[in-house]
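Close look at the chain arrangement
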Amino acid sequence: NLTSDNNIHQCVFTLIQTPLLALGGSFWGILMSIIVIHTLWMLGIHGGMVVTAIMSPIFVAIDSANLAAFASGLPMPNLVGKSFMLIYACIGGAGCTLALNILMCWKAKSKQYKVLGKTSIIPSVFGINEPLIYGTPVMLNPILAIPFFLSPILNYCIAYLLTYAKIVPPSNGIPSSIFIFNALQAGSWKIAVLSILLLFLSIVIYYPFFKILDKRTYKKEIEIDKN
């Protein structure tokens, strides 16, 4: 009631919108978008839907400019954009959770995570990680909060530095959330290789935290079976 907004939802939207639009499509703007997305997810809010609604005009302009330059054989004017974020900071969806999904399929001892890993792996490859986020659950989970934040932020920073150093070319601006396919259509095999390497890095980041979670769940399952 003390604000000019009509309700709490519009108030939150305004508070998020102002800094994001001010930073725009810069390194810090995309980094802030990533941080806001994952903060909202950990609070139980679909961060991708909120941030995309705010940043879409900026994302479209950035990626369209890169795509036009790529089609004309000209140097791409922007290092980062939505396509860049999807390829490197959203491997399998928010939190780079394809890494977590692979660990469930590969290393899980608990029945819960074995089953969840198998049923959610295909959606994760296509960038749909809601089954994993809600099924684990990832949101409101203090154990997974660290890798959920660290993995996409670290991946993004590494990819930005390599792109800035011209070791890897910028994405051509075609947005897609399908793992590897989005990297291959981005204009260079180097992008695909970097995406795979960052997936392995995410697996390493998630591994110790997943082992703690899986061990607790496995013990609970044993106790339930005994009773």
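Residues numbered from 1 in each chain as written. Predicted model: local features only at pLDDT ≥ 70, side-chain atom pairs only at ≥ 80, totals over all residues. Heavy atoms only, no water.

If you tally the helices and strands in the chain, you get 10 helices and 0 strands. In sequence order, the chain lays out its α and β elements as α-α-α-α-α-α-α-α-α-α. Compactness check: the chain gives a C-alpha radius of gyration of 19 Å against a globular reference of 17 Å for 227 residues, within 12% of the reference. Considering only C-alpha atoms, the chain reaches an extent of 65 × 55 × 25 Å along its principal axes. Counting all 227 residues of the chain, 46% fall into the buried class. Within the chain, residue pairs in contact and separated by at least 24 positions form 68% of the contacts whose partners lie at least 6 positions apart. For the chain, the exposed surface amounts to about 11400 Å²; the carbon and sulfur share of it is 70%. (Helix = DSSP H or I, 4+ residues; strand = E, 2+ residues; numbered from the N terminus. Rg over C-alpha atoms; globule rule 2.2 N^0.38 Å. Buried < 20%, exposed > 50% of the residue type's maximum accessible area, 1.4 Å probe, protein only. Contact = heavy atoms within 4.5 Å. Areas by Shrake-Rupley, 256 points an atom, 1.4 Å probe, with all protein chains shown as cover.)

It is worth spelling out the nonpolar core at this point. Counting residues in each nonpolar core, the largest one holds 58 residues, and the members touching the most others are Met85, Tyr88, Leu100, Phe148 and Tyr156. Within the residue set of this core, elements represented by two or more residues are helix H2 (27-42), helix H3 (47-71), helix H4 (82-88), helix H5 (98-107), helix H6 (111-125), helix H7 (130-135), helix H8 (142-164) and helix H10 (189-226). Those residues within four positions of leucine 100 in sequence are excluded, and the remaining contacts are Leu132, Thr136, Val138, Leu144, Tyr206 and Phe210. (Core = buried A, V, L, I, M, F, W, Y, C linked by side-chain atoms within 4.5 Å.)

Taken N-terminus to C-terminus, the directions of H2 and H8 make an angle of 165 degrees; their axes are 10 Å apart at the nearest point. By the angle class used here, H2 and H8 are roughly antiparallel. The two elements H2 and H8 cross, and the hand of that crossing is right-handed. Seen from H2, the contacting residues are Phe27, Ile30, Leu31, Ile34, Ile35, His38, Thr39, Trp41 and Met42; seen from H8, they are Ala145, Phe148, Phe149, Pro152, Ile153, Tyr156, Cys157 and Tyr160. Residue composition of the contact of H2 with H8, by class: 15 nonpolar, 2 polar and no charged. (Axes fitted to C-alpha atoms, helices over the stretch in contact; angles between N-to-C directions. Parallel < 35°, antiparallel > 145°, perpendicular 65-115°, else oblique. Left-handed = near helix turned anticlockwise from the far one by under 90°. Nonpolar A, V, L, I, M, F, W, Y, C, P; charged D, E, K, R; others polar.)

Examined against the element boundaries, isoleucine 205 turns out to sit in helix H10. Sequence spacing of isoleucine 205 and leucine 79 is 126 residues, and the spatial spacing of their C-alpha atoms is 25 Å. When residues no more than four places from it in sequence are discounted, the contact partners of isoleucine 205 are Pro147, Leu150, Ser151 and Leu154.

Turning our eyes to something else, we now look at the packing of aromatic side chains. Applying the stated criterion to the full structure yields 10 aromatic pairs. Measuring from ring centre to ring centre gives 5.0 Å for phenylalanine 27 and tryptophan 28, while their planes differ by 80 degrees; the resulting arrangement is edge-to-face. On the basis of relative accessibility, which here comes to 17%, the residue phenylalanine 27 falls in the buried class. Consider the rings of phenylalanine 27 and tyrosine 160, whose centres lie 4.6 Å apart with planes at 50 degrees: the pair is tilted. On the criterion of sequence distance, the pair formed by phenylalanine 27 in helix H2 and tyrosine 160 in helix H8 is long-range, its members being 133 residues apart. Through pairs of rings, three or more aromatic residues link up here, namely Phe27, Trp28, Phe84, Tyr88, Tyr156, Tyr160 and Tyr164. Lying across the ring of tryptophan 106, lysine 107 places its NZ or CZ 4.7 Å from the centre. (Phe/Tyr/Trp six-rings, centres within 6.5 Å; stacked < 30°, edge-to-face > 60°. Lys NZ or Arg CZ within 6 Å of the ring centre and 35° of its normal.)

Before going further, it helps to spend a moment on H6. The end-to-end C-alpha distance of H6 is 22 Å, a good match for the 21 Å that 15 residues give at a rise of 1.5 Å each. The sharpest bend along H6 comes to roughly 35 degrees, located at threonine 119, with the proline proline 123 sitting one to four residues further on. Of all the positions in H6, only Tyr113, Leu116, Gly117, Ser120 and Ser124 are classed as buried. For H6, the elements touching its buried residues are H5, H7 and H10. (Expected span 1.5 Å × (residues − 1). Bend = angle between axes of the 7 residues up to and from the residue.)

It is worth spelling out H8 at this point. Look at H8: 34 Å from first C-alpha to last across 23 residues, which is about the 33 Å you get at 1.5 Å a residue. All of the buried residues along H8 are Ile143, Leu144, Ala145, Pro147, Phe148, Ser151, Pro152, Asn155, Tyr156, Ala159, Tyr160 and Thr163. Where H8 is buried, its residues meet H2, H4, H5, H7 and H10. For H8, the N-terminal cap is asparagine 141; the gap from its side-chain oxygen to the backbone nitrogen of isoleucine 143 is 3.1 Å. At the C-terminal side of H8, lysine 166 shows a positive phi close to 65 degrees. (Polar contact = N/O pair within 3.5 Å; in protein donor to acceptor, adjacent residues only side chain to side chain.)

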